[in-house]
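So you can see what is in the structure, the chains are spelled out below.
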Amino acid sequence: MIASPDRTPLPREFFDRPVLEVAPDLLGRILVRSDPDGPIALRLTEVEAYDGQNDPGSHAYRGRTPRNDVMFGPPGHVYVYFTYGMWHCMNLVCGPEGRASAVLLRAGEIVEGVEWARKRRLSARNDNELAKGPARLATALDVDRTLDGTDACAAGDTPLRVLTGSAVPPDQVRNGPRTGVSGDGGNGDVHPWRYWIANDPTVSPYRAHVPRRRRS
């Protein structure tokens with residue numbers, strides 16, 4: 001059960017900062033998905049930062065499109081995209097309006113509503129795997145493109161909200177290459193913008209980007 005002081009929603013000002021400040025500060029925060037089946041709460045344990053048109057790995061690198069429009073703000077909104085023709089992934093928009101940046105939510109610990117997450121993630125071998133990876137996280141929380149553009153800072157009822165939770169001490173935060181990102185220096189060392197909680201069992205494994213072979 002989440003302690004009462006930790007239930008304070010994060011204000012929009014929290015997200016209205018540079019993406020490399022927001023990303024590590026999201027670790028330990030609580031994401032709440034309100035759903036007719038019942039609420040699910042997830043403690044964030046792993047994230048990745050994407051810095052818009054300054055970042056070859058970002059969906060906004062080549063400018064604004066209907067797909068990435070939400071990334072351009074306002075901050076505190078949810079950006080959901082569909083990938084590989086089968087999975088959804090969830091991001092939180094940050095930085096000043098008009099300048100695209102977002103934090104991909106890669107993994108977390110389900111702290112409330114585990115029973116609902118288990119029903120959506122039948123292939124999970126244990127509870128640590130329920131949201132271990134961005135597609136698994138979105139599936140466990142029943143997040144899809146219908147939630148793209150949701151204001152996570154809105155007053156009143158909202159399907160997604162981020163609560164204060166408990167910020168992770170800096171000495172427990174690790175960072176390194178982003179997972180499977182193309183245009184990121186081959187092994188991701190150019191942009192070591194994946195952040196995670198040290199030794200947390202819900203953090204997903206790192207995988208380098210493997211370029212697709214061109215057919216001859």
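Everything numeric in this text was worked out from a predicted model, so none of it was measured. (Residues numbered from 1 in each chain as written. Predicted model: local features only at pLDDT ≥ 70, side-chain atom pairs only at ≥ 80, totals over all residues. Heavy atoms only, no water.)

**Structural notes on the nonpolar core**
We apply this condition: The set of buried Ala, Val, Leu, Ile, Met, Phe, Trp, Tyr and Cys residues whose side-chain atoms join them within 4.5 Å is what this entry labels a nonpolar core. Each residue gets one of three labels from its accessible area relative to the maximum for its type: buried under 20%, exposed over 50%, partly exposed in between, using a 1.4 Å probe on protein chains only. Note on conventions: DSSP H or I runs of at least 4 residues are helices, E runs of at least 2 residues are strands, and numbering of each starts at the N terminus. Any two residues whose heavy atoms approach within 4.5 Å are treated as being in contact.
Ranked by internal contacts, the top residues of the largest apolar core, which has 41 residues, are F15, L26, L92, V103, L105 and I110. When residues in this core are grouped by element, the largest group, 5 residues, is from strand β2 (residues 40-50). Contacts of I110, omitting those with residues within four sequence positions, involve I40, A41, L42, A117, L130, A131 and L141.

**Quick word on the environment of K132**
To keep it simple, the criterion reads: In protein, a polar contact means a hydrogen-donor-capable atom and an acceptor-capable atom, both N or O and within 3.5 Å, with residues adjacent in sequence counting only if both atoms are side-chain atoms; elsewhere, any N or O pair within 3.5 Å suffices.
For K132, the position within the fold is in the loop between α3 (114-120) and α4 (134-140). Between the C-alpha atoms of K132 and H77, which are 55 residues apart in sequence, the distance is 22 Å. At 3.2 Å, the side chain of K132 forms a polar contact with the backbone oxygen of P201.

**What about unusual backbone geometry?**
The step from G73 to P74 runs through a cis peptide bond, and the omega angle for that step is 5 degrees. Mapped onto the elements, P74 comes out in the loop between β2 and β3 (78-83). A positive phi angle, near 55 degrees, is found at D142, a position not held by glycine. Along the chain, D142 turns up in the loop between α4 and β6 (160-163). Classification of D142 as partly exposed rests on a relative accessible area of 33%.

**Quick notes on the pattern of salt bridges**
The criterion, for reference: Counted as salt bridges are all cases of a side-chain nitrogen of Lys or Arg within 4 Å of a carboxyl oxygen of Asp or Glu.
Considering all chains together, one arrives at 19 salt bridges under this definition. E129 is the salt-bridge partner of R125, the closest N and O atoms lying 2.5 Å from each other. By relative accessible area, which is 73% here, R125 ends up exposed. Overall, E129 belongs to the buried group, its relative accessible area being 9%. When the shortest N-O distance is used, the salt bridge between R145 and D148 registers 3.3 Å. In this structure R145 comes out as partly exposed when scored by relative accessible area, which is 34%. Since its relative accessible area comes to 21%, D148 is described here as partly exposed. Connected through shared salt-bridge partners, R33, D35, D37, R120 and D142 make up one network.

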